[in-house]
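Each chain, written out:
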Amino acid sequence: MWRRSASFILDERNDVAAPAKPESLALSSPPPTNPPSSMADTLQNPNPKVSAYYQTRAAHHGVVSSDWLAQAQAAVGPHSPEGGDRQQPDLAEAVAAIRALAAVIRASEATTMMELEIELKKASDSLKKWDTTSISLTAGCDLFIRYVTRTSALEYEEFNSAKSRLIERAEKFGEISHKARRIIAMLSQDFIFDGCTILVHGFSRVVLEVLKTAVQNKKLFRVFCTEGRPDRTGIRLSNELARLDVPVKLLIDSAVAYTMDEVDMVLVGADGVVESGGIINLMGTYQIALVARSMNKPVYVAAESYKFARLYPLDQKDMAPALRPIDFGVPIPSKVDVETSARDYTPPQYLTLLFTDLGVLTPSVVSDELIQLYL
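Just so we're clear, the structure is a prediction, and the values are computed from it rather than from any experiment.

**Student:** With reference to specific residues and values, describe the overall build of the protein chain.
**Tutor:** When helices and strands are counted, the protein chain shows 13 helices and ten strands. Scored against the burial criterion, the 375 residues of the protein chain give a buried share of 52%. For the protein chain, long-range pairs separated by at least 24 residues make up 78% of all intrachain contacts whose partners lie at least 6 apart in sequence. Of the roughly 17,900 Å² that the protein chain leaves accessible, carbon and sulfur atoms contribute 53%.

This is the structure:
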């Protein structure tokens with residue numbers, strides 16, 4: 001394992017300007033006139049047969065959708081998080097949920113720790129029910145509750161003091177999660193060298209941050225972007241890189257093996273990192289890793305620690321289904337069965353390193369980190 005301490009690495013970089021504080025924006029969807037009978041009813045996915053996350057993945061990468069904001073507001077109650085920060089264009093859905101849960105603690109009128117924990121658990125369950133196929137959303141909520149409530153000292157404190165301690169820990173966890181992408185970008189720079197060719201798959205905000213940082217560091221490289229079907233988010237990534245004046249080539253997904261001999265490394269994001277050290281990501285990641293392994297190309301994964309999930313898939317079918325309608329551009333006869341799975345599982349033996357805000361990890365170390373995160 002190659003590892004570097006990443007704790008508050010951003011605060012130690014004086015040359016990095018502090019980001020401007022975003023404007024406070026009101027939620028676009030007003031609260032309903034007639035309140036729902038239960039929070040669970042409010043947060044029900046309108047089409048549970050289809051993965052809401054993968055169906056609107058392109059939109060999620062651009063901005064947290066107004067529908068999701070309405071659901072998060074319902075989970076928090078009448079008190080929305082300060083500053084409307086969940087409407088930041090680059091804010092991850094899991095981080096938005098973490099901040100929503102922190103707002104639950106601040107707005108709670110509970111008088112005992114037990115009542116507060118029950119209220120927090122209900123809000124977390126409601127957020128997760130919006131789309132059970134979003135691994136990062138589920139893992140982020142679970143990790144938040146574990147981090148905030150796992151100190152035994154709370155049992156011996158007066159309630160108001162204990163609540164203040166919870167709020168402090170909640171804000172700290174939210175800050176760490178929000179900084180994760182930038183920390184990963186900094187830690188990964190040692191692996192990007194001048195003249196290299198990087199293959200990326202689909203769109204990943206953390207991968208884009210890594211490449212942006214490399215551009216800021218005056219590194220010279222080129223990028224091959226796969227189209228990233230079925231949602232074609234790779235086209236968006238290629239457009240973003242073109243704006244940065246990065247030499248970029250757009251590939252159809254089936255051209256990966258054809259171009260792999262020109263590639264120096266593969267860099268992908270992850271929807272979830274599982275206990276085995278493998279990843280769950282956009283469909284096609286597994287076959288890219290297989291081709292890269294056969295041609296001795298390193299496969300790097302950039303993933304925030306709030307995507308570390310307590311899952312242990314044994315094969316491709318050993319996962320909750322995440323379905324997404326696919327448009328082939330031509331009519332498909334009803335007798336033709338169409339594979340609509342939106343994600344696949346890449347086993348750890350096909351991955352080289354994981355760039356995380358916990359450090360740069362080998363896949364075999366992920367289990368140890370998961371134990372520490374969830375204990």
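**Student:** Summarise the nonpolar core; cite the residues concerned and give the values.
**Tutor:** With 30 residues, the main nonpolar core has L101, I105, L120, F144 and V148 as its most contacted residues. If you list the elements that add at least two residues to this core, you get α5 (93-107), α6 (113-130), α7 (135-149) and α8 (159-187). A per-element tally of this core places α5 first, with nine residues. Counting residues in hydrophobic clusters, the runner-up holds 29 residues, among them L187, F191, V246 and A302.

**Student:** I'd like a description of the packing of aromatic side chains, backed by residues and values.
**Tutor:** Inspection of every chain in the model, using the stated rule, returns four aromatic pairs. Ring centres of F191 and F355 lie 5.1 Å apart, and the angle between their planes is 35 degrees; on these two criteria the pair is classed as tilted. Here F191, found in the loop between α8 and β1 (196-200), pairs with F355, found in strand β9 (residues 353-356); they are 164 residues apart in sequence, far enough to count as distant. Classification of F355 as buried rests on a relative accessible area of 3%. A network of ring pairs unites the aromatic residues F191, Y300 and F355 as a single cluster.

**Student:** Just give me the short version of the pairing of β9, but keep the residues and values in it.
**Tutor:** A regular strand carries its side chains on alternate faces of the sheet. Burial along β9 is two-sided: L353 and F355 facing one way and L354 and T356 facing the other are all buried. Sheet topology places strand β7 (residues 299-302) next to β9; three bridges connect them, and they run parallel. Its bridge partner being in β9, V301 is matched across the sheet by L354. Relative to strand β10 (residues 359-361), β9 is paired through three bridges, and the arrangement is antiparallel. Looking at β10, one finds that L354 is bridged to L361.

**Student:** An account of α7 is needed here, citing residue identities and associated values.
**Tutor:** Here α7 contains 15 residues, and its C-alpha end-to-end distance of 21 Å stays within 8% of the 21 Å for a straight helix at 1.5 Å per residue. Among the 15 residues in α7, twelve count as buried, and that is most of the element. Those residues of α7 lying buried are I135, S136, L137, A139, G140, C141, L143, F144, I145, Y147, V148 and T149.

Procedures and definitions
- Position labels on residues start from 1 in each chain and follow its written sequence.
- In keeping with the model being predicted, local features are shown solely for residues with a pLDDT of at least 70 and side-chain atom pairs are shown and tallied solely at 80 or more, while totals for entire chains, interfaces and linings include all residues.
- Derived side-chain values reflect all non-hydrogen atoms in the structure, with water molecules and hydrogen atoms excluded from consideration.
- Only DSSP runs of H or I covering at least 4 residues are called helices, and only runs of E covering at least 2 are called strands; the numbering of each starts at the N terminus.
- Note on exposure labels: buried denotes an accessible area under 20% of the residue type's maximum, exposed denotes more than 50%, and partly exposed covers the range between, all computed with a 1.4 Å probe on protein chains only.
- Any pair of residues with heavy atoms lying within 4.5 Å of one another is described as a contacting pair.
- For accessible areas, the Shrake-Rupley method is used with a probe of radius 1.4 Å. Any residue's cover is judged against the shown protein chains and nothing else.
- By nonpolar core we mean a set of buried residues, namely Ala, Val, Leu, Ile, Met, Phe, Trp, Tyr and Cys, connected to one another through side-chain atoms within 4.5 Å.
- Here a Phe, Tyr or Trp ring, Trp counted by its six-membered ring, pairs with any other such ring whose centre lies within 6.5 Å, and the pair is stacked when the planes are under 30 degrees apart, edge-to-face when over 60, and tilted otherwise.
- Note: two strands are recorded as paired if DSSP finds a minimum of 2 bridges between them.
- Take the number of residues in a helix, subtract one, and multiply by 1.5 Å to get its expected span.

Purely spatial values, then, with no claim about function.
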